[in-house]
Amino acid sequence: MTELKLNIVIRTANPKDVNEIQILNSKLFESDSRFDQTFQMDWPMSKEGKKYFIKRITKDNGLAILAVDENSGKVAGYLIGAACNAQSHRKKMIVANLENMFVKEEFRSRGIGTKLYNEFLKWSQEKNANRIKVEASAKNDLAIKFYRRQGFEDYDLVLEKEI
Ligand SMILES: CC(C)(COP(=O)(O)OP(=O)(O)OC[C@H]1O[C@@H](n2cnc3c(N)ncnc32)[C@H](O)[C@@H]1OP(=O)(O)O)[C@@H](O)C(=O)NCCC(=O)NCCS
């Protein structure tokens, strides 16, 4: 089957997009729950989840962007980020955090994730961030491959144990 031509545009989300973002984040939870069974699956659609996304959409230190296919009008994916001061034990600097991103399965491997990441990088530079960071489940090999391809290097290793 031939793939339909896409015309992907990255745009800033507005408060009207919050439900769409919550649905995409639910899909991310479904995907990530393969690697992490501690996820509260109803969090994305909860009051608390909605509050978090609204904050990222509306506050100056937050980024919420959507990838939209102009040909079909469909939303293909999203990215959420935030810029913060580094923890107090580190040198004074701003760290921009890529908090979560998701591209719908039918749109993957066509450069949309890279487009979203490039927009995040541009925004981070505009926010005078000195570093960018992202966390991923240690078992999420494909996402880690994607981030390494964007130039991220291993930094912290978080170890947990069920007791
Ligand atoms: C990671 C993700 C956002 C990349 O989006 P994308 O639009 O496919 O990205 P690009 O087309 O720019 O890059 C594709 C590369 O991403 C990597 N990739 C990561 N996860 C992948 C997945 N589940 N399926 C396919 N490719 C994936 C591959 O290395 C791929 O390279 P390839 O096409 O040569 O195989 C997307 O795959 C996704 O939403 N995955 C599930 C959710 C997730 O893991 N999110 C990140 C954790 S917060």
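Everything here concerns the structure above.
As the structure is a computational prediction, the values presented were derived from the model and not from experiment. Per chain, residue numbering runs from 1 following the sequence as it is written. In keeping with the predicted nature of the model, local features appear solely for residues at pLDDT of at least 70, side-chain atom pairs appear and are counted solely at 80 or more, and the whole-chain, interface and lining totals rest on all residues. Side-chain numbers come from the whole structure's heavy atoms, not from hydrogens or water.

(A) Structural context of the overall build of the protein. Under the scheme used here, helices are H or I runs from DSSP no shorter than 4 residues and strands are E runs no shorter than 2 residues, and both carry numbers assigned from the N terminus. On a plain count of helices and strands, the protein comes out with four helices and five strands. Computed over its C-alpha atoms, the radius of gyration of the protein comes to 16 Å, within 12% of the 15 Å expected for a compact globule of 163 residues. Across its three principal axes, the protein shows a C-alpha extent of roughly 50 × 40 × 35 Å. Residue burial in the protein is summarised as follows: out of 163 residues, 39% are buried. Counted over contacts in the protein with a minimum sequence separation of 6, partners at least 24 positions apart contribute 62%. Methods summary: accessible areas were calculated by the Shrake-Rupley approach with a probe of 1.4 Å, and residue burial reflects only the protein chains presented. Roughly 11300 Å² of accessible area belongs to the protein as shown, and the carbon and sulfur atoms make up 49% of that amount. Taking the average location of the 28 positive side-chain charges in the protein and that of its 23 negative ones, the two points are 4 Å from each other. Each radius of gyration reported is based on C-alpha atoms, and the globular scaling rule is 2.2 Å times the count of residues to the power 0.38. With a 1.4 Å probe rolled over the protein chains alone, any residue whose accessible area is under 20% of its type maximum counts as buried; one over 50% counts as exposed, and the rest are partly exposed. Should any heavy atoms of two residues lie within 4.5 Å, those residues are considered in contact. The sign given to each residue is positive for Lys and Arg and negative for Asp and Glu; His and the chain ends receive no count. We put the charge of a Lys on NZ, of an Arg on CZ, of an Asp on CG and of a Glu on CD.

(B) Just helix H2 (residues 47–58), in detail. Multiplying 1.5 Å by the residue count of a helix minus one yields the expected span of that helix. Its 12 residues give H2 an end-to-end C-alpha distance of 16 Å, which sits within 8% of 16 Å, the value for a rise of 1.5 Å per residue. Of all the residues in H2, the buried ones are Gly49, Tyr52, Phe53, Arg56 and Ile57. Down the axis, H2 shows its buried residues gathered within 135° of arc, on one side only. Exposed positions of H2 whose direction lies more than 90 degrees from the buried face are Lys47, Glu48 and Lys51. Residues of H2 that are buried sit in contact with helix H1 (18–32), strand E2 (62–69), strand E3 (75–85) and strand E4 (94–103). It is the directions from the helix axis to the C-beta atoms whose arc is reported.

(C) Region of interest: the packing of H1 against H2. Note on definitions: angles span 0 to 180 degrees between N-to-C directions of axes, and those axes are lines fitted to C-alpha atoms, for helices only across the stretch in contact. Between H1 and H2, whose axes approach to 10 Å, the crossing angle comes to 120°. Classed by the angle they form, the pair H1 and H2 counts as oblique. H2 is crossed by H1, and the crossing has right-handed handedness. In this structure, H1 uses Val18, Ile21, Gln22 and Asn25 to contact H2, whose residues at the interface are Lys50, Phe53, Ile54 and Ile57. Each residue receives one of three labels: charged for Asp, Glu, Lys and Arg, nonpolar for Ala, Val, Leu, Ile, Met, Phe, Trp, Tyr, Cys and Pro, and polar for the others, Gly being one of them. Of the residues that constitute the contact of H1 with H2, the class distribution is five nonpolar, two polar and one charged. By definition in this entry, angles of less than 35 degrees are roughly parallel, angles greater than 145 are roughly antiparallel, angles of 65 to 115 are roughly perpendicular, and the rest are oblique. By definition, turning the near helix anticlockwise from the far helix through less than a right angle yields a left-handed crossing, and turning it clockwise yields a right-handed one.

(D) Region of interest: the nonpolar core. Among the buried residues, those of types Ala, Val, Leu, Ile, Met, Phe, Trp, Tyr and Cys that are joined through side-chain atoms within 4.5 Å form a nonpolar core. Counting residues in each nonpolar core, the largest one holds 22 residues, and the members touching the most others are Leu79, Leu98, Ile112, Leu116, Phe120 and Tyr147. If you list the elements that add at least two residues to this core, you get E2, E3, E4, helix H3 (112–126) and helix H4 (141–149). For this core, the element with the highest residue contribution is H3, accounting for five residues. Beyond its immediate sequence surroundings of up to four residues, phenylalanine 120 is in contact with Leu63, Ile65, Leu79, Gly81, Ala96, Asn97, Leu98 and Ile132. If you look at the next biggest cluster of nonpolar residues, it comprises 15 residues, including Leu28, Leu66, Val75 and Ile80.

(E) Geometry of the pairing of strand E5 (residues 131–134). What makes two strands pair is DSSP finding at least two bridges between them. As judged from the four bridges shared by E4 and E5, these two strands associate in the parallel manner. Residue asparagine 97 lies in a different strand from E5, and its bridge partner there is lysine 133. If the strands point away from the viewer and the path from the first strand over the helix to the second runs clockwise, then the crossover is right-handed. The β-α-β motif built from E4, the intervening H3 and the parallel element E5 has right-handed crossover chirality.

(F) Quick look at the site of the ligand. Lining the immediate surroundings of the ligand are 19 residues, of which Val103, Ser109, Gly111, Gly113 and Thr114 lie closest. Interatomic distance of 2.8 Å between a backbone N/O atom of valine 103 and an oxygen atom of the ligand. In the analysis that follows, any N or O atom pair within 3.5 Å is treated as a polar contact, provided that within protein one partner can donate a hydrogen and the other can accept it, and provided that, for residues neighboring in sequence, both atoms belong to side chains. Residue threonine 114 places a side-chain N or O atom 2.5 Å away from an oxygen atom belonging to the ligand. For the ligand, whose unbound accessible area comes to 840 Å², protein coverage reaches 83%. Of all the secondary-structure elements, those providing two or more residues to the shell around the ligand are H1, E4, H3 and H4. Looking at the shell around the ligand, the element that brings in the most residues is H4, giving six residues. Residue composition of the shell around the ligand, grouped by class: nine nonpolar, six polar and four charged. Whether a residue is near a molecule or strand depends on its heavy atoms: it is near if one of them lies within 4 Å of it.

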